[in-house]
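Observations on chain architecture
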Amino acid sequence: DARVTQTPRHKVTEMGQEVTMRCQPILGHNTVFWYRQTMMQGLELLAYFRNRAPLDDSGMPKDRFSAEMPDATLATLKIQPSEPRDSAVYFCASGLVLGGEGYGYTFGSGTRLTVV
Amino acid sequence: AQTVTQSQPEMSVQEAETVTLSCTYDTSENNYYLFWYKQPPSRQMILVIRQEAYKQQNATENRFSVNFQKAAKSFSLKISDSQLGDTAMYFCALIKAAGNKLTFGGGTRVLVKP
């Protein structure tokens, strides 16, 4: 089965450090999402790409978060500087959207980030 | 804005029995997609079932089926012949056609008891 690959699976870092999370979407998928999951807020959309172009990052704190897709096989989410409140599970998901049709979105296993 | 509400925080069911999870949503769109995702303790988000709003026929995937009531904006999930491996969080989600945001409900924790 095709899968979305996220690295690292776990990350513990000290407050103020830079954190980079990586995602390899499924080959052929043209849509990539970044979500954050916490107990308090549930699943929140951080950023969204279509054909590698960022279309919506309104859910992302711009002063410290950045999301990019340097090529079709890699999406990155960076936090600089990290803060304890950033502790969460970060999911990447990819999907194929053609002519307005969405065929379902496949999630990666997530990166559990702990900022101490 | 679109919203998804799951009113049952937790449900338990005996193995081999049936459980139904409720989901209601609100959207101004006429064309959209609804999903149920399963998140077991491994935290992997697994797509269980998908429903196109323009299709009246309810989607079915093996032991999983939905009751889609478009006018009532309701999208419930029925798990038949529950198995221990069905123990997980279940999330209902909505996205408009070619939309940019998959909106999730708060989740329902399902515990299947032997």
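All values derive from a computational prediction rather than experimental measurement. Note that residues are indexed from 1 along each chain, following the sequence as it is written. Here the convention is simple: chains get letters from A, ligands get numbers from 1, in the order in which they are written. Reporting of local features is limited, given that this is a predicted model, to residues whose pLDDT is at least 70; pairs of side-chain atoms are given and counted only at 80 or more, and all residues count toward the totals for whole chains, interfaces and linings. In computing side-chain properties, one takes all heavy atoms of the structure into account and sets aside hydrogens as well as water.

A short note on the state of the cysteines
All names here are of chain B.
- Cysteine sulfur atoms that come within 2.5 Å of each other are treated as a disulfide pair. Evaluation of the coordinates by the stated rule reveals two disulfides over all chains.
- Here Cys23 engages in a disulfide with Cys92; their sulfurs sit 2.0 Å apart. The sign of the S-S torsion, about -70°, decides the handedness of the disulfide formed by Cys23 and Cys92: left-handed. With Cys23 in the loop between strand S3 (19–21) and strand S4 (24–26) and Cys92 in strand S10 (residues 88–96), this pair connects stretches of sequence that are 69 residues apart.
- Think of it in three bands: residues with accessible area under 20% of the maximum for their type are buried, residues over 50% are exposed, and the middle band is partly exposed, with areas taken using a 1.4 Å probe on protein chains only. A relative accessible area of 0% places Cys92 in the buried class. Elements are defined by DSSP. Helices are runs of H or I of four residues or more, strands are runs of E of two residues or more, and each kind is numbered from the N terminus.

As for the nonpolar core
- Only buried residues count toward a nonpolar core. Its members are Ala, Val, Leu, Ile, Met, Phe, Trp, Tyr and Cys residues joined through side-chain atoms within 4.5 Å. If you look at the biggest cluster of nonpolar residues, it comprises 26 residues, and the most contacted ones within it are B:Leu21, B:Tyr25, B:Trp36, B:Phe75, B:Leu77 and B:Tyr90.
- Residue assignment for this core shows that the elements contributing at least two residues are strand S2 (10–14), S3, strand S5 (32–39), strand S6 (46–52), strand S8 (64–69), strand S9 (74–79), S10 and strand S12 (108–113) of chain B.
- Of all the elements, S10(B) adds the most residues to this core, at four residues.
- Core analysis: the next-biggest nonpolar cluster, separate from the first, contains 22 residues, A:Cys23, A:Ile79, A:Tyr90 and A:Leu113 among them.

A look at the sheet that holds strand S1 (residues 5–7) of chain A
Residue and element names in this part refer to chain A.
- The four strands lie next to each other as S1-S3-S8-S7, forming an open sheet whose pairing is antiparallel. One side of each edge strand has no neighbouring strand; the edge strands of this open sheet are S1 and strand S7 (65–71). In this sheet, adjacent strand axes meet at a mean angle of 20° when their direction is disregarded.
- A pair of strands is labelled paired if DSSP reports no fewer than 2 bridges between them. In this sheet, strand S8 (residues 74–79) lies alongside strand S3 (residues 19–24) in antiparallel orientation, the contact comprising five bridges. Considered in S8, the bridge of Arg22 is made with Thr76. In this description, a line fitted to the C-alpha atoms serves as the axis of each element, helices being fitted only across the stretch in contact, and the angle between N-to-C directions of two axes falls anywhere from 0 to 180 degrees.

Focus: unusual backbone geometry
- Omega for the bond connecting A:Thr7 with A:Pro8 falls within 30 degrees of zero, at -10°, which places this linkage in the cis form.
- Structurally, the position occupied by A:Pro8 is in the loop between S1 and strand S2 (10–13).
- Residue A:Gln80 is joined to A:Pro81 through a cis peptide bond whose omega torsion reads -5°.
- Topologically, A:Pro81 is positioned in the loop between S8 and strand S9 (88–98).
- Within the chain, B:Ala16 stands out as a residue other than glycine whose phi angle is a positive 80°.
- The topology assignment puts B:Ala16 in the loop between S2 and S3.
- Backbone geometry places B:Asn62, a non-glycine residue, at a positive phi of 55°.

Some thoughts on the interface of chain A and chain B
- Every contact between the two is made by 25 residues of chain A and, on the other side, 20 residues of chain B.
- For the chain A and chain B pair, buried surface summed over both sides reaches about 1,900 Å², with 50% attributable to carbon and sulfur atoms.
- Counted as salt bridges are all cases of a side-chain nitrogen of Lys or Arg within 4 Å of a carboxyl oxygen of Asp or Glu. Our count for the chain A to chain B interface comes out at zero salt bridges.
- Here a polar contact is recorded for every N or O atom pair within 3.5 Å, except that within protein the pair must consist of a potential hydrogen donor and a potential acceptor, and residues adjacent in sequence are included only if both atoms are side-chain atoms. Our count for the chain A to chain B interface comes out at nine residue pairs in polar contact (both at pLDDT 80 or more).
- Sorting the residues of the side of chain A that touches chain B by element identifies strand S4 (31–38), strand S5 (42–50), S9, strand S10 (101–107) and strand S11 (111–115) of chain A as the ones contributing at least two each.
- Ten residues, namely Ala, Val, Leu, Ile, Met, Phe, Trp, Tyr, Cys and Pro, are considered nonpolar, four, namely Asp, Glu, Lys and Arg, are considered charged, and the remaining ones, Gly among them, are considered polar. Its residues assigned to classes, the side of chain A that touches chain B comprises 11 nonpolar, nine polar and five charged. Note on contacts: a residue pair qualifies if any of its non-hydrogen atoms lie within 4.5 Å across the two residues. Two parts placed together each lose some accessible area; with a 1.4 Å probe, that loss summed over both constitutes the buried area.

Some points on the pattern of salt bridges
All names here are of chain A.
- Inspection of the entire model under this criterion finds nine salt bridges over all chains.
- Its salt-bridge partner being Glu44, residue Arg36 comes within 3.3 Å of it at the nearest N-O pair.
- Classification of Arg36 as buried rests on a relative accessible area of 12%.
- Residue classification places Glu44 among the partly exposed residues on the basis of a relative accessible area of 24%.
- A salt bridge links Asp57 to Lys62; the shortest N-O distance between them is 3.5 Å.
- For Asp57, a relative accessible area of 30% puts it in the partly exposed group.

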